[in-house]
Number of protein chains: 2
Amino acid sequence: MKVAVAGATGAVGIEFLRILEERKFPVDALRLLASSRSAGKKLAFRGEEFPVEDLSAFDPRGTELALFSAGSAAAKEHAPRFARAGAVVVDNSSAFRMDPEVPLVVPEINPEDARRHQGIVANPNCTTILFLMAVFPLHREAGIRRAIVSTYQAVSGKGARAMEELDLQIRAAIEGKPLVSSVFPHPIAGNVIPQVDSFDEEGTSIEERKLSRETAKILGANAFAVAGTCVRVPVPRAHSESVALEFEREIDPERARRLLSSFPGVRVVDDPSRSVYPM
Amino acid sequence: MKVAVAGATGAVGIEFLRILEERKFPVDALRLLASSRSAGKKLAFRGEEFPVEDLSAFDPRGTELALFSAGSAAAKEHAPRFARAGAVVVDNSSAFRMDPEVPLVVPEINPEDARRHQGIVANPNCTTILFLMAVFPLHREAGIRRAIVSTYQAVSGKGARAMEELDLQIRAAIEGKPLVSSVFPHPIAGNVIPQVDSFDEEGTSIEERKLSRETAKILGANAFAVAGTCVRVPVPRAHSESVALEFEREIDPERARRLLSSFPGVRVVDDPSRSVYPM
């Protein structure tokens, strides 16, 4: 397959490459794309070096699969060019998620929606994916009526610069120097910040809206109400969520564990008496 | 007033002294007590140095008010001695909280319960106090039916040694050295740990049980159901909580803000569009 990766030099772009390699994805040709600033850099894939090319100047003809994590603005500008040229674009940004023409897909949950794509398939927000992967097997069984979610989100969700900001702040704190914030609105080292993205007039953050709106789109007629409180914590990588679910029908913990254990992509980590739990 | 502080050298003991000073509490005589290990140390109060004495060997006669934060075991052993000698003990540990003879008091919420003491008054768990202070004014108005709480608890809740452990782990991480955990069951630096205290057979932690049981005792006939998920975060001091409330009667956000603003001890920090919120 002829694959292009847009946003290849970002935190997610590098994960794209790592996972393509790990999964032995059938890549016959690979093109790495990023902003003109990053063009000319080189990145390794399967032991070979690949040049990073300018996304704006790139001719998409011949591309079969384009993995985009280049931000919303770049996705809006360039993903349609790739789609028109015959590629299937999988976009990691929020640009097309709520577009009724674009399927919003978690492969383990609604893979059938991907079939009705018109060249672009959107990937949900990270918080939504984690949440749905853990609750969908239970929803299918006992019918979730509503969910209340509080998140513990790592700085990695905001990209490589945010991870660097946490690291620099921790070093500054140890040296007794002032903490400088440019990515986050406040120092994140030694702090929790109940703001992920900006707020609307109701005081709900965009991240919190994504959680409920994307859940509604992915589950369609089977959707349920979700109220989220999204909080950034001083953790480098990996989001956690505390989720309270109200069910239509009874379901006991043992049955819930069995359903979760057998769902692809979910691992149950749950032996609290031995201090075994998700971290 | 003749005051004794038990557990004076601990993280809470030092706060007792700071607050007695800050509030110009009428202290005529002060005795500082701790384990025999700490006896002989000196602590400052109002610019004077006071010796730390051995709690086990201390004769409580003449003490009018004893502020205890010496842990459950020491409280169980020594608080009754002080009470029998005529002192009023305010105990910060969990030793007497669920004892039906001992009032469990948040002064802003159920001060009248303190009047029926028999020498010991218990102070609730920190997580419970924070929670009730923020929801009681709303409960009085609109009747809470149930509450779902997720916490973001600082390491200070586990005492001075836990604060030191976080600090040492952060330094070790920066130097690429292994993180050593002795206070917490896992490294807390760069992590979130969904365990505060140990778990019962149902997988509920003691901290989570305290939240619901203490709420039930403090509110008595007016109590409501509370489900908590208690999580430790790598923050040195100050706990945060994400709380979802279901009410019996309607209450709009503007009314809720007004009720909270006028409640003693509560400050509303809520202007999300300008990135102003509790942290």
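So, how was this worked out
- Residues numbered from 1 in each chain as written.
- Chains lettered and ligands numbered in written order.
- Predicted model: local features only at pLDDT ≥ 70, side-chain atom pairs only at ≥ 80, totals over all residues.
- Heavy atoms only, no water.
- Helix = DSSP H or I, 4+ residues; strand = E, 2+ residues; numbered from the N terminus.
- Rg over C-alpha atoms; globule rule 2.2 N^0.38 Å.
- Buried < 20%, exposed > 50% of the residue type's maximum accessible area, 1.4 Å probe, protein only.
- Contact = heavy atoms within 4.5 Å.
- Lys, Arg positive; Asp, Glu negative; His and termini not counted.
- Charge placed at Lys NZ, Arg CZ, Asp CG, Glu CD.
- Axes fitted to C-alpha atoms, helices over the stretch in contact; angles between N-to-C directions.
- Parallel < 35°, antiparallel > 145°, perpendicular 65-115°, else oblique.
- Left-handed = near helix turned anticlockwise from the far one by under 90°.
- Nonpolar A, V, L, I, M, F, W, Y, C, P; charged D, E, K, R; others polar.
- Buried area = accessible area lost by both parts, 1.4 Å probe.
- Salt bridge = Lys/Arg side-chain N within 4 Å of Asp/Glu carboxyl O.
- Polar contact = N/O pair within 3.5 Å; in protein donor to acceptor, adjacent residues only side chain to side chain.
- Phe/Tyr/Trp six-rings, centres within 6.5 Å; stacked < 30°, edge-to-face > 60°.
- Pairing = 2+ DSSP bridges.
- Right-handed = clockwise from strand over helix to strand, strands pointing away.
- Least-squares fit on C-alpha atoms with pLDDT ≥ 70 in both.
- Expected span 1.5 Å × (residues − 1).
- Bend = angle between axes of the 7 residues up to and from the residue.

This brings us to the overall build of chain A. Looking only at helices and strands, chain A has six helices and 10 strands in total. For a compact globule of 279 residues, the expected C-alpha radius of gyration is about 19 Å, and chain A comes in at 20 Å, within 12% of that figure. C-alpha extents for chain A along the principal axes are approximately 55 × 55 × 45 Å. Across the 279 residues of chain A, 45% fall into the buried class. For chain A, long-range pairs separated by at least 24 residues make up 62% of all intrachain contacts whose partners lie at least 6 apart in sequence. The averaged location of the 37 negative side-chain charges in chain A is 2 Å from the averaged location of its 35 positive side-chain charges.

To describe two helices that pack against each other, one gives the angle between their axes and the distance between the axes. Residues and elements named next belong to chain A. Between helix H3 (residues 126-142) and helix H6 (residues 253-261), the shortest axis-to-axis distance is 9 Å and the interhelical angle comes to 120°. Our classification of the angle between H3 and H6 gives oblique. Crossing hand, H3 versus H6: right-handed. On the side of H3, the interface is formed by Ala134, Pro137, Leu138 and Glu141, while H6 contributes Arg255, Ala256, Leu259 and Leu260. Partitioned by chemical class, the residues of the contact of H3 with H6 number six nonpolar, no polar and two charged.

It is worth spelling out the interface of chain A and chain B at this point. Interface size is often expressed as the accessible area that is lost when the parts come together. With 33 residues of chain A at the contact, the number on the chain B side is 33 residues. Together chain A and chain B conceal approximately 2800 Å² of surface at their shared face, both sides included; 66% is due to carbon and sulfur atoms. Counting every contact that joins chain A to chain B gives two salt bridges. Here A:Glu246 makes a salt bridge to B:Arg146, at a shortest N to O gap of 2.6 Å. Taken together, the links from chain A to chain B amount to 12 residue pairs in polar contact (both at pLDDT 80 or more). Listed by contribution, the elements that provide at least two residues to the side of chain A that touches chain B are strand E8 (144-152), helix H4 (160-174) and strand E10 (240-247) of chain A. Looking at which element gives the most residues to the side of chain A that touches chain B, the answer is E8(A), with five residues.

With that settled, consider the packing of aromatic side chains. Counting across every chain of the model gives 13 aromatic pairs over all chains. The interplanar angle of 70° and the centroid separation of 6.1 Å between the aromatic rings of B:Phe45 and B:Phe50 together place this pair among those described as edge-to-face. Each member of the pair, B:Phe45 as well as B:Phe50, is classed as buried. Grouping aromatic residues by their ring pairs yields a cluster made of A:Phe58, A:Phe68 and A:Phe82.

A word on the pairing of strand E1 (residues 2-6) of chain B. Along any regular strand the residues' side chains alternate between the sheet's two faces. All names here are of chain B. For E1, the buried fraction is high: four of the five residues fall into the buried class. Where E1 lies against strand E2 (residues 29-34), five bridges are found, and the strand directions are parallel. Its bridge partner being in E2, alanine 6 is matched across the sheet by leucine 33. In this region the chain leaves E1, passes through helix H1 (residues 11-22) and returns to the parallel neighbour E2; the handedness of that crossover is right-handed. Where E1 and strand E5 (residues 65-68) come together, four bridges link them in parallel fashion. Bridge pairing in E5 places alanine 4 opposite alanine 66.

On to the relation of the copies chain A and chain B, then. The operation relating chain A to chain B is a screw motion whose rotation component is 180°, with 0.0 Å of axial translation and a residual RMSD of 0.0 Å. Put plainly, the chains are arranged around a two-fold axis. A symmetric contact is evident, with 100% of the interface residues of chain A recurring at the interface of chain B.

In this section: the sheet that holds strand E4 (residues 48-54) of chain B. All names here are of chain B. Pairing is mixed in the open sheet, where seven strands are placed in the order E3-E4-E2-E1-E5-E6-E7. Each of the sheet's edge strands pairs with one partner strand only, and the pair in question is strand E3 (42-45) and strand E7 (120-122). The average angle at which neighbouring strand axes cross in this sheet is 25°, direction not considered. The strands touched by helix H2 (residues 72-84) within the sheet are E1, E2, E5, strand E6 (88-91) and E7, with E5 carrying the most contacts at an inclination of about 175°.

The next point concerns the sheet that holds strand E2 (residues 29-34) of chain A. Residues and elements named next belong to chain A. Taking strand neighbours across the sheet as the criterion, the seven strands line up as E3-E4-E2-E1-E5-E6-E7 in an open arrangement whose pairing is mixed. The strands lining the two open edges of the sheet, one partner per strand, are strand E3 (42-45) and strand E7 (120-122). Direction aside, neighbouring strands of the sheet carry axes that sit 25° apart on average. By the bridge criterion, three bridges tie strand E6 (residues 88-91) to E7 in an arrangement that is parallel. Bridging across to E7, aspartate 91 finds its partner in alanine 122. Where helix H2 (residues 72-84) meets the sheet, it contacts strand E1 (2-6), E2, strand E5 (65-68), E6 and E7, and its direction lies at approximately 175° from that of E5.

All names here are of chain A. Structurally, the position occupied by valine 196 is in the loop between H4 and helix H5 (206-219). Among the residues examined, valine 196 registers a relative accessible area of 4% and is labelled buried. Along the sequence, valine 196 and tyrosine 152 sit 44 residues apart, while their C-alpha atoms lie 11 Å from each other. Beyond its immediate chain neighbours, meaning those up to four positions away, valine 196 contacts Gln153, Ser205, Ile206, Glu207, Cys230, Val231 and Arg232.

Take the packing of H4(A) against helix H4 (residues 160-174) of chain B next. Close contact between H4(A) and H4(B) brings their axes to 11 Å; oriented N to C, the two are set at 120°. Accordingly, the angle class assigned to the pair H4(A) and H4(B) is oblique. Considering the relative orientation of H4(A) and H4(B), their crossing is left-handed. Where H4(A) abuts H4(B), its residues A:Ile170, A:Arg171 and A:Ile174 lie against B:Ile170, B:Arg171 and B:Ile174.

Our next topic: the side chain of A:Glu208. All names here are of chain A. Tracing the chain through its elements places glutamate 208 in helix H5. For the buried glutamate 208, no salt bridge exists, and the shortest N-O distance to an oppositely charged side chain is 7.6 Å, to arginine 209. Not counting the four nearest positions on each side in its chain, glutamate 208 is found in contact with Gly203, Gly228, Thr229 and Cys230.

What follows is about H2(B). Residue and element names in this part refer to chain B. End to end, H2 covers 18 Å across 13 residues, agreeing with the expected 18 Å (1.5 Å per residue, within 8%). The largest bend along H2 measures about 35° and falls at histidine 78, with the proline proline 80 one to four residues further on. For H2, the complete set of buried residues consists of Ala74, Ala75, His78, Ala79, Phe82 and Ala83. Of the surrounding elements, those touching the buried residues of H2 are E1, E2, E5, E6 and E7. Glycine 86 sits one or two residues past H2 and shows a positive phi near 100°.

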